[in-house]
Amino acid sequence: MIFRKLKSQWLWFSINILGLSVALASVITIVVFTVNELSFDKFHSKAGRIYRITLESNNGNTSMHPARVAGNWVVELQKEYPAIEKVARLVPFRKSVVKIQENKFYSSQAFSTDSSFFDVFDIDVIVGKSSKYLVQPGNVLVCRSLAEKYFGSVDVVGKTINILNQQESKPLLFTIEGVYEDFPSNSHFHPELLSSLTEFDKQTSWAYTYSLMREGINTDELSETIQQKWEEENKSGNPTSIIHFQKLTDIHLYSSKTREIESNGSIRSLIMLISGAVIILFIALINFINLCRVRFIAEFKKTIVKMVNGASKFSLAKEYLTESFLLSIVSVFLAIFLASRLTKLLHVTLIQPSNIYLIVLASLGFVIVISILALYPLLSLKLTYSVKVKNSQARLYTVPLLIQFTLSIIALISTFILSRQVNFLNAKHPSSDRSNMIVLSGNPWEAVQRYDLLKEELLKNPSIENVSGAMEEPGGDILDAVPFEMEGMDNQGNKFINIFTADSNFFSFMGIRPIAGTVHLGNMPSQQWEKAATDLSMLENFRSQMPQEIKRLEDIVGGFRDKYIVNRSALKLFGITNPNDAIGKRFRLKFHLPYLFPEGEIVGVVPDFHYTNLHNEEKPLAIASRKSFNYCFLVTFEPNQFDKAIAAVEQNWIKLNPDYPFQYKFIGESYRSAYTNEYSQRNLLSVFALISVILSLLGMYAMALFNMQRRVKEIGIRKVNGAKTEEIIYMLVLDFVKWVALAFVIAIPFAYFSMEKWLQNFAYKISLSWWIFAVVGIIAIAVAIITVIWQSWRAATCNPVETLRYE
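Remember, it's a predicted structure, so these values are computed and weren't measured experimentally.

Asks: Sorry, what's going on with the overall build of the protein chain here?
Replies: Helix and strand content of the protein chain: 26 helices and 25 strands. In the protein chain, buried positions account for 53% of the 807 residues. For the protein chain, restricting intrachain contacts to residue pairs at least 6 apart in sequence, the fraction spanning at least 24 positions comes to 80%. Working note: accessible area of the protein chain is about 36,400 Å², and carbon and sulfur atoms make up 56% of it.

Asks: What should I look at first to understand the pattern of salt bridges in this one?
Replies: This model, assessed by the stated rule, comprises 29 salt bridges. Taking the shortest distance from any N to any O, the salt bridge between Arg450 and Glu446 comes out at 3.3 Å. Judged by its relative accessible area of 25%, Arg450 is partly exposed. Ionic pairing is found between Asp555 and Lys551, a salt bridge with its closest N-O pair at 3.1 Å.

Asks: Quick question: what am I supposed to make of the packing of helix α17 (residues 527-538) against helix α18 (residues 547-557) here?
Replies: Geometry of a packed helix pair, given as the angle between the helix axes and the separation of the axes. At their nearest, the axes of α17 and α18 sit 9 Å apart, and the two run at 140° to each other. When the axis of α17 is compared with that of α18, the two are oblique. Of the two possible hands of crossing, α17 and α18 adopt the one that is left-handed. Contacts between α17 and α18 involve Gln528, Trp529, Ala532, Ala533, Asp535 and Leu536 on the former and, on the latter, Ile550, Leu553, Glu554, Ile556 and Val557.

Asks: Please clarify how the pairing of strand β24 (residues 632-637) should be interpreted in this entry.
Replies: Here β24 lies mainly inside the structure; six of its six residues are buried. Because side chains alternate across β24, one face comprises the buried residues Cys632, Leu634 and Thr636, and the other comprises Phe633, Val635 and Phe637, equally buried. Note: strand β16 (residues 464-470) against β24, six bridges, orientation antiparallel. Its bridge partner being in β24, Asn466 is matched across the sheet by Thr636.

Asks: Which parts of the structure should I look at to understand unusual backbone geometry?
Replies: For residues besides glycine, phi is generally negative; the peptide bonds are generally trans as well. The residue Leu134 is not glycine, and still its phi comes out positive at about 60°. Relative to the assigned elements, Leu134 resides in the loop between β8 (125-127) and β9 (139-143). Note on Leu134: relative accessible area 3%, which makes it buried. Not every positive phi belongs to a glycine, and Arg259 is a case in point at roughly 60°. Note on placement: Arg259 falls in the loop between α7 (251-254) and α8 (267-298). Relative accessible area serves as the criterion here: at 25%, Arg259 is assigned to the partly exposed category.

Asks: Even after reading the chapter, I still don't get α17, so can you show me in this structure?
Replies: Helical geometry note: an α-helix holds 3.6 residues per turn, so side chains three or four residues apart project in the same direction. Given a rise of 1.5 Å per residue, twelve residues ought to cover 16 Å, and the 17 Å separating the end C-alpha atoms of α17 matches this to within 8%. Taken together, the buried residues of α17 touch α14 (445-449) and α18.

Asks: Please explain the packing of helix α13 (residues 398-428) against helix α24 (residues 725-758) as it appears in this structure.
Replies: Direction vectors running N to C along α13 and α24 enclose 40°, while the axes themselves pass 7 Å from each other. Comparing their axes, α24 and α13 come out oblique. Considering how the two elements wind past one another, α13 and α24 form a crossing that is right-handed. When the residues that make up the contact of α13 with α24 are grouped by side-chain class, the tally is 20 nonpolar, five polar and no charged.

Asks: Would you take a moment to explain the packing of aromatic side chains for this structure?
Replies: How two aromatic rings sit relative to each other is set out by the distance from centre to centre and by the angle between their planes. Going through the model one piece at a time under the given rule, you end up with 37 aromatic pairs. A ring pair is formed by Phe506 and Phe507, whose centres lie 5.3 Å apart and whose planes are at 80°; its orientation type is edge-to-face. When the ring of Tyr752 is compared with that of Phe753, the centres are 5.4 Å apart and the planes differ by 90°; the resulting orientation is edge-to-face. Tyr752 sits in the partly exposed class, given a relative accessible area of 32%. By the ring-pair criterion, three or more aromatic residues cluster together here, those being Phe117, Phe118, Phe121, Tyr133, Tyr180, Phe183, Phe189 and Tyr210. A cation sits over an aromatic face here: Lys95 above Tyr106, 4.5 Å from the ring centre.

Asks: Is there a simple way to explain the layout of surface pockets in this structure?
Replies: Estimated volume of the second largest pocket: approximately 640 Å³. In terms of lining residues, the second largest pocket is bounded by 31 residues, among which Ser63, Asn616, Glu617, Glu618 and Lys619 are the most central. When contributions to the lining of the second largest pocket are tallied by element, the ones reaching two or more residues are β2 (62-64) and α19 (568-574). Classifying every residue of the lining of the second largest pocket by side-chain character gives ten nonpolar, 13 polar and eight charged.

Asks: Could you clarify how one ought to interpret the pairing of strand β6 (residues 103-107) in this entry?
Replies: Every other side chain in a regular strand lies on the same face of the sheet, so the side chains alternate between the two faces. Of the strand pairs in this sheet, strand β5 (residues 96-100) and β6 are connected by five bridges, and their pairing is antiparallel. Note that in β6 the partner of Ser96 across the bridge is Ser107. Joining the antiparallel neighbours β5 and β6 is a turn of two residues, in which Gln101 adopts a positive phi near 55°.

Asks: Just checking my understanding: could you explain the environment of His615 for this structure?
Replies: Within the secondary structure, His615 sits in the loop between β22 (600-606) and β23 (621-625). His615 gets classed as partly exposed once you look at its relative accessible area, which sits at 25%. Taking the C-alpha atoms as reference points, His615 and Asn761, separated by 146 residues in sequence, lie 6.7 Å from one another. Excluding residues within four positions of it along the chain, His615 makes contact with Ala674, Tyr675, Glu678, Asn761, Phe762 and Ala763.

Asks: Would you mind showing me how to read a nonpolar patch on the surface here?
Replies: The grouping of Leu742, Val745, Ile746 and Phe750 at the surface amounts to a nonpolar patch, some 350 Å² of accessible area in total. Of the residues examined, Leu742 reaches a relative accessible area of 36% and is grouped as partly exposed.

Asks: It is not clear to me how helix α15 (residues 451-459) should be interpreted in this structure. Could you clarify?
Replies: Among all positions in α15, only Tyr451, Leu454, Lys455 and Leu458 are buried. Viewed along the axis of α15, the buried residues span an arc of 100°, placing them on a single side of the element. If you follow the buried residues of α15, they end up packed against α14, β16, β24 and α20 (642-656).

Asks: So what exactly am I meant to see when it comes to the side chain of Glu177 here?
Replies: When you line up the elements, Glu177 lands in strand β11 (residues 172-180). No salt bridge is formed by the buried Glu177; the nearest opposite charge belongs to Lys132, separated by 11 Å. Filtering out sequence-adjacent residues up to four positions away, Glu177 remains in contact with Val127, Gly128, Ser130, Tyr133, Leu134, Asn139, Val140, Leu141 and Val157.

Asks: Got a minute to help me understand the confidence of the model for the protein chain in this structure?
Replies: On average, residues of the protein chain score 84 in pLDDT, and 89% of them are at 70 or above. Across residues 200-204 the pLDDT falls below 50, and counting only partners more than four positions away or on other chains, this stretch makes 14 contacts in the model.

Asks: Can you help me understand the environment of Leu634 in this one?
Replies: For Leu634, the position within the fold is in strand β24. Sequence separation of Leu634 and Pro474 is 160 residues, and the distance between their C-alpha atoms is 9.6 Å. Leu634 has contacts with Ile438, Val439, Asn466, Val467, Ser468, Pro474, Phe506, Phe509, Met510 and Tyr611, leaving out every residue within four places of it along the chain.

Asks: Just to check I follow, could you spell out the side chain of Thr113 for this structure?
Replies: Here Thr113 is to be found in strand β7 (residues 110-113). At 2.7 Å, the side chain of Thr113 forms a polar contact with the backbone oxygen of Arg89. What Thr113 contacts, discounting residues up to four positions off in sequence, is Arg89, Leu90, Leu134, Leu194, Ser195, Ser196 and Leu197.

Rules of the game
- Residues numbered from 1 in each chain as written.
- Predicted model: local features only at pLDDT ≥ 70, side-chain atom pairs only at ≥ 80, totals over all residues.
- Heavy atoms only, no water.
- Helix = DSSP H or I, 4+ residues; strand = E, 2+ residues; numbered from the N terminus.
- Buried < 20%, exposed > 50% of the residue type's maximum accessible area, 1.4 Å probe, protein only.
- Contact = heavy atoms within 4.5 Å.
- Areas by Shrake-Rupley, 256 points an atom, 1.4 Å probe, with all protein chains shown as cover.
- Salt bridge = Lys/Arg side-chain N within 4 Å of Asp/Glu carboxyl O.
- Axes fitted to C-alpha atoms, helices over the stretch in contact; angles between N-to-C directions.
- Parallel < 35°, antiparallel > 145°, perpendicular 65-115°, else oblique.
- Left-handed = near helix turned anticlockwise from the far one by under 90°.
- Pairing = 2+ DSSP bridges.
- Expected span 1.5 Å × (residues − 1).
- Nonpolar A, V, L, I, M, F, W, Y, C, P; charged D, E, K, R; others polar.
- Phe/Tyr/Trp six-rings, centres within 6.5 Å; stacked < 30°, edge-to-face > 60°.
- Lys NZ or Arg CZ within 6 Å of the ring centre and 35° of its normal.
- 1 Å grid on protein atoms, 1.4 Å probe; cavity = no way out; pocket = protein on both sides within 12 Å on 5 of 7 lines; lining within 4 Å.
- Points joined across faces, edges and corners; volume = space filled by probe spheres on them.
- Patch = residues over 30% accessible without salt bridge, like charges linked within 9 Å, V, L, I, M, F, W, Y side chains within 5 Å.
- Arc of directions from axis to C-beta.
- Lys, Arg positive; Asp, Glu negative; His and termini not counted.
- pLDDT = per-residue confidence, 0-100.
- Polar contact = N/O pair within 3.5 Å; in protein donor to acceptor, adjacent residues only side chain to side chain.

The structure is reproduced here in structure tokens:
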């Protein structure tokens, strides 16, 4: 008979081991990941007193809150307020070129810093003789991994390296005075190189700034005191910037500012992952309880016979505990293996000393819980437990089944919405689906100056389709906002617009069409013109001292009139509803280098084209054609000629920029890098959802077997009385489908509100349409039908004579 399958020890063990091992693997993965996320930066002994200083500014329509601050005012702040014990600044070299012996490579983790950095943070200097580092100019410390990779050992004190800042034309020579241990993975930044700040006075305009507070200082009161003084001293009429002290240990999970030093996590996303693991655990435990109870019922008569013949509950409990212990041990080992694979999706290493105790605790707790649950049917046993009572309590199994499918449907809906949101973000970006476009981002200043030559050479190659350039790489941030003047617009003083520079062919290159006017910016000014305009702007206050030089520069700059393109968000800023009304309007940016962006006119309006990441709303943009700011190059190649195209780009790059390594990535990769966390979460939640569905189906399969056995006599009688096979199948399937449908109804509000909360992380998001839930509901019901219909068919087609004789 059908039910004999379930009585098989092998089947019982297999189903339970599969369910429990994947559940424990999910729990271990999330426990390790959660502890790692919550422990960020806590390894510093003074972590509780370290705060990052940031400024929030609101210039009329534009609000900015970068993770960096500009200027040296923080040093003065320390002198003025004794509550601040130390201040340390990290000035990034950006994408610098590092030369060590004959090796050249890019580094985005090179910083210059104050000597006080070693007083604020715990830096384990493993090689070095000084008691105070980076006091003298021209010194640098390197991390262990870099020293071992490029020098072969950590014995490198006294050796030299060259670092070329992205915006400089000449590298600077540094002498190594120490080697420090690599920063742990749970640090929100991981510097490879730390140089003295003295050498980079002109590069200290933007710095990640940290303060070490004295014991017992209330930073809220301190910020209020500072803010009040700034308000009193502000006579400009412009809004006063707001100072923030953010606790070091809060940065990773609670900070999403622009220009973060590294990509941070998210507390909302962490909660979502924890919820996914909890759902899987509950489903697996419910499955285990159901299977134990079903097996107990299957062996009910055997158990009663044992007890009648003198077996005690204690001796029976030993049998159950032995089986559950064996089951638990096998599940633990399999779970650790699976967890080592799952943690890779979250970029976390499972097997390391700090995680061993977490794995042991999780496994021990798991074994204890499984043992208790395995004993539950036995503990509720009574000798008067009749078959009639057994059958009347079958309804109790439907409640766990209902809970299982409710949780599974919530996981399915959440994963479906998360996946749609990530795909939605990617589809919003221009050219995100183009496989024949590569990005050369963060290029050095010298390479930017040779852009015209590179473009000219590349376009001679038949495998190259087109070349363009832009200020930011796809998925980056546009943060430079300035005041402006526009014809016919009043009250412009408190309004700012963001600048975005690009090659004149940028919009046609990216496939962006105008909604008014044109997307052609005309001929780009030459780099000679841009240099002359920059120099003239800087010498404006020295006209009387340098009349001849200014006259020469004015002759070069001439009466050039600029052409600007604006986006739809800019129209809202201007108060214009019809895009055509903006065309031809006189427009000027009040840039600090006035001759570099002279007065001109608006020649085109484009939609909000979402070239940057979509965590924040699209900003009002004024796009102009300039070369000096275009640190990102974009190249398209003819389809099916990738190898030839890359070889051509690399060859020309090496010829024109021999001092700089050649690097590229596809545009899709560039966009995806802005959503690293979202992609990781989607991948893991997709695995969790799949696991939850499989576990629920295993539970349904087991319950279907039990249900068929429980009703085998009823089915036989119905067939004898003329019931058709399809009628019996319909009856049996309906018993399960109705519970799945009810689970779907219960799951909808929970899934809706949780995902609505998660979507608040994005400025642009999908709408939670009814059809999303309907699709998941149909899938859930269809899968449920497929799971039970085979067993229902077998039960319905059995010979009623045999089934009645068996009973």
